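Examining the three-dimensional arrangement
Residue-level listing of the chains:
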Amino acid sequence: MPDYQYIARELTGAQVTGVISATTQQDALATLAQKQLFPLSVDLADTAKAQQKYVGRRVKPRVLAVFYAQLADLLKSGVPLLRSLDLLHEQATNPALGLVLEDVRAHVADGMPLFEAMKQHPKCFSELVVSMVRAGEEGGFLEEVLKRIAGFTEHQEELKGRVVGAMVYPLFLLVFGGLIVGVLLVYFVPKFEPIFGRMAERGTLPWATTALLGFSEAAQNYWFIVAALLVAGWFGLRHAAGTPLGRQRIDWLRINAYGAGRILKSLSIARFCRILGTLLHNGVPILQSLRIAKDATGNVILAEAIEVAADNVSEGKSLAKPLAASGQFPKEIVEMISVGEEANNLEEVLINVADNLERRTNRELDVAVRMLEPLLLLMMAAIVLFVAIALLLPIMQTSGLA
């Protein structure tokens, strides 16, 4: 619990100061009232403020993956949960994780379940992780779930790293090309404008040169408007993502965008299949597994389709039919799930589906990135060629070469 420093008056009117430990500021005020002290000011102590600076921050997934694996190993070796948290807190090299573990350990020591203690730190432990830990605690296989979470987190980070690594070069080309075009329009092209002034007055300036000078003038005079629109659009998108309707529309665009939508949907479905298969393999009932695994998609549209499927399963129907009816799951995946249900090995089928989807998606991503690089190079070359032609055409006309 954090420490609060206070200034208060006793019933005699004497002013006193001190430090008390409390969960919240309201609890601190209640404690002072029980001591018959009238609070003048109650604020977090300096050490508690320093702790909150780290507790409110996110912890890198790779650091969390190591924590999950270590906690699973300690529990599997027979070390009690409280002692395990103590050991991991003492060994934590990440300041934010260390303070989070200290708070989690304090809540567990007060009798709170581990998943509830982790739920107090949503920036550190996702809703999916909390749900899986809850299933592990209630089912008596917590160490196995933690091991699965560690593996899943490492796998997702590896996949994310592969995607980011593949996109570095195309993004570099895009940014570098944009800077080149910006420098050409703002600094280079205006130097030729006085030379082409007379031809513009006579109306003999080529259309390409006229268009280039127009682009240059717009870039010089209205760049701040474009920048303001981009910033406003970014903040507007973030605000929309925070509303249910906005998040739904954004997620619909993500999985239906031309080209990229298929890759994003495949990755989301692969995450869902892997988590669902893992939970079923560990003995979690299918309804509870579906409601946990739907959060793994990271997409509201797919999560809603899975929620409908869970409702149908609760009525005794199969999982494959409502997934097929949603129109969000590919036919071949639905057929494999149907075969898994009939053969009573759904968890194995789901893991295989996840592996196959990720392999296929990785191949598609590699092809898309390889195609993107030459396309960006061609686009940059075309823009530079257009600028060169637009500047050379008037000179060629004047010299009689065109």
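Residues numbered from 1 in each chain as written. Predicted model: local features only at pLDDT ≥ 70, side-chain atom pairs only at ≥ 80, totals over all residues. Heavy atoms only, no water.

Some words on the overall build of the chain
In terms of helices and strands, the chain carries 17 helices and 3 strands. Taking 2.2 N^0.38 as the reference for a compact globule, 402 residues should give roughly 21 Å; the C-alpha atoms of the chain span a radius of gyration of 30 Å, well beyond that estimate. The principal-axis extents of the C-alpha atoms in the chain amount to approximately 95 × 75 × 35 Å. Looking at the chain as a whole, 36% of its 402 residues are labelled buried. As displayed, the chain offers around 23,000 Å² of accessible surface, 61% of which is attributable to carbon and sulfur atoms. Positive and negative charge centroids in the chain, built from 38 and 40 side chains respectively, lie 6 Å apart. (Helix = DSSP H or I, 4+ residues; strand = E, 2+ residues; numbered from the N terminus. Rg over C-alpha atoms; globule rule 2.2 N^0.38 Å. Buried < 20%, exposed > 50% of the residue type's maximum accessible area, 1.4 Å probe, protein only. Areas by Shrake-Rupley, 256 points an atom, 1.4 Å probe, with all protein chains shown as cover. Lys, Arg positive; Asp, Glu negative; His and termini not counted. Charge placed at Lys NZ, Arg CZ, Asp CG, Glu CD.)

So, unusual backbone geometry
Outside of glycine, negative phi angles account for most residues, and trans bonds account for most peptide bonds. Notably, Asn344 is not glycine yet its phi reads approximately 60 degrees, a positive angle. Checked against the element boundaries, Asn344 lands in the loop between α16 (331-343) and α17 (346-398).

So, the confidence of the model for the chain
The predicted model of the chain has a mean per-residue pLDDT of 81, with 94% of residues at 70 or higher. Least confident of the elements in the chain is helix α2 (residues 46-55), whose mean pLDDT is 49; most confident is helix α3 (residues 61-76), at 90. (pLDDT = per-residue confidence, 0-100.)

A short note on helix α13 (residues 286-293)
Working note: α-helix, 3.6 residues per turn, so residues spaced by three or four point in the same direction. All of the buried residues in α13 are Ser289, Leu290, Ile292 and Ala293. Viewed end-on, α13 has its buried residues packed into an arc of 165 degrees, placing them on one side of the element. Turning to α13, the residues buried within the fold contact α7 (127-139), α12 (260-281) and α14 (300-314). (Arc of directions from axis to C-beta. Contact = heavy atoms within 4.5 Å.)

Considering the packing of aromatic side chains
Counted under the stated rule, the structure contains 5 aromatic pairs. On the basis of an interplanar angle of 65 degrees and a centroid distance of 6.0 Å, the ring pair of Phe272 and Phe329 is categorised as edge-to-face. Of the two residues, Phe272 is situated in helix α12 and Phe329 in the loop between α15 (320-326) and α16; the sequence distance between them amounts to 57 residues. Taking the relative accessible area as the measure of exposure, Phe272 reaches 0% and is therefore buried. Three or more aromatic residues link up through ring pairs in this structure, and these residues are Phe67, Tyr68 and Phe125. (Phe/Tyr/Trp six-rings, centres within 6.5 Å; stacked < 30°, edge-to-face > 60°.)

Overview of the side chain of His121
As for its placement among the helices and strands, His121 is situated in the loop between α6 (114-119) and α7. Side-chain polar atoms of His121 contact the side chain of Asp103, separated by 2.7 Å. (Polar contact = N/O pair within 3.5 Å; in protein donor to acceptor, adjacent residues only side chain to side chain.)

Section: the packing of α3 against helix α8 (residues 142-188)
One can describe the packing of α3 onto α8 by two numbers: an axis separation of 8 Å at closest approach and a directional angle of 155 degrees. Accordingly, the angle class assigned to the pair α3 and α8 is roughly antiparallel. Relative to α8, the crossing made by α3 is left-handed. Taking contact as the criterion, the partners of Pro61, Arg62, Ala65, Tyr68, Ala69, Leu71, Ala72, Asp73, Leu75 and Lys76 in α3 are, on α8, Leu142, Glu143, Leu146, Lys147, Ile149, Ala150, Thr153, Glu154, Glu157 and Glu158. Its residues assigned to classes, the contact of α3 with α8 comprises 11 nonpolar, 1 polar and 8 charged. (Axes fitted to C-alpha atoms, helices over the stretch in contact; angles between N-to-C directions. Parallel < 35°, antiparallel > 145°, perpendicular 65-115°, else oblique. Left-handed = near helix turned anticlockwise from the far one by under 90°. Nonpolar A, V, L, I, M, F, W, Y, C, P; charged D, E, K, R; others polar.)

What to know about the nonpolar core
It is characteristic of soluble globular proteins that their nonpolar side chains tend to be buried jointly. Counting residues in hydrophobic clusters, the biggest one holds 67 residues, and the most contacted among them are Tyr68, Phe125, Val133 and Leu319. Looking at which element gives the most residues to this core, the answer is α12, with 8 residues. (Core = buried A, V, L, I, M, F, W, Y, C linked by side-chain atoms within 4.5 Å.)

Observations concerning the pattern of salt bridges
Counted according to the given criterion, the structure contains 12 salt bridges. Of the charged contacts in the structure, one is a salt bridge between Glu144 and Arg148, with a shortest N-O distance of 3.3 Å. Note that Glu144 and Arg148 are positioned in helix α8 at a spacing of 4 residues, about one turn of the helix. What emerges from the salt-bridge pattern is a single network uniting Arg291, Lys294, Glu307 and Asp311. (Salt bridge = Lys/Arg side-chain N within 4 Å of Asp/Glu carboxyl O.)

What about a nonpolar patch on the surface?
Together, Tyr222, Trp223, Phe224, Ile225 and Leu229 make up a nonpolar patch on the protein surface, roughly 590 Å² of accessible area in all. With respect to the element layout, Trp223 can be found in helix α10 (residues 207-241). With a relative accessible area of 55%, Trp223 lands in the exposed category. (Patch = residues over 30% accessible without salt bridge, like charges linked within 9 Å, V, L, I, M, F, W, Y side chains within 5 Å.)

Here we look at the environment of Tyr169
Tracing the backbone through its elements, the reader meets Tyr169 in helix α8. Between the alpha carbons of Tyr169 and Leu372 there is a distance of 9.7 Å; along the sequence they are 203 residues apart.

Concerning helix α11 (residues 244-256)
The first and last C-alpha atoms of α11 sit 18 Å apart over 13 residues, in line with the 18 Å expected at 1.5 Å per residue. The complete set of buried residues in α11 reads Gly246, Asp251 and Ile255. An end-on view of α11 places all buried positions within 155 degrees of arc, on one side of the element. Every exposed residue of α11 that faces more than 90 degrees away from the buried side is listed here: Arg249 and Leu253. At its buried positions, α11 is contacted by α10, α12 and α14. (Expected span 1.5 Å × (residues − 1).)

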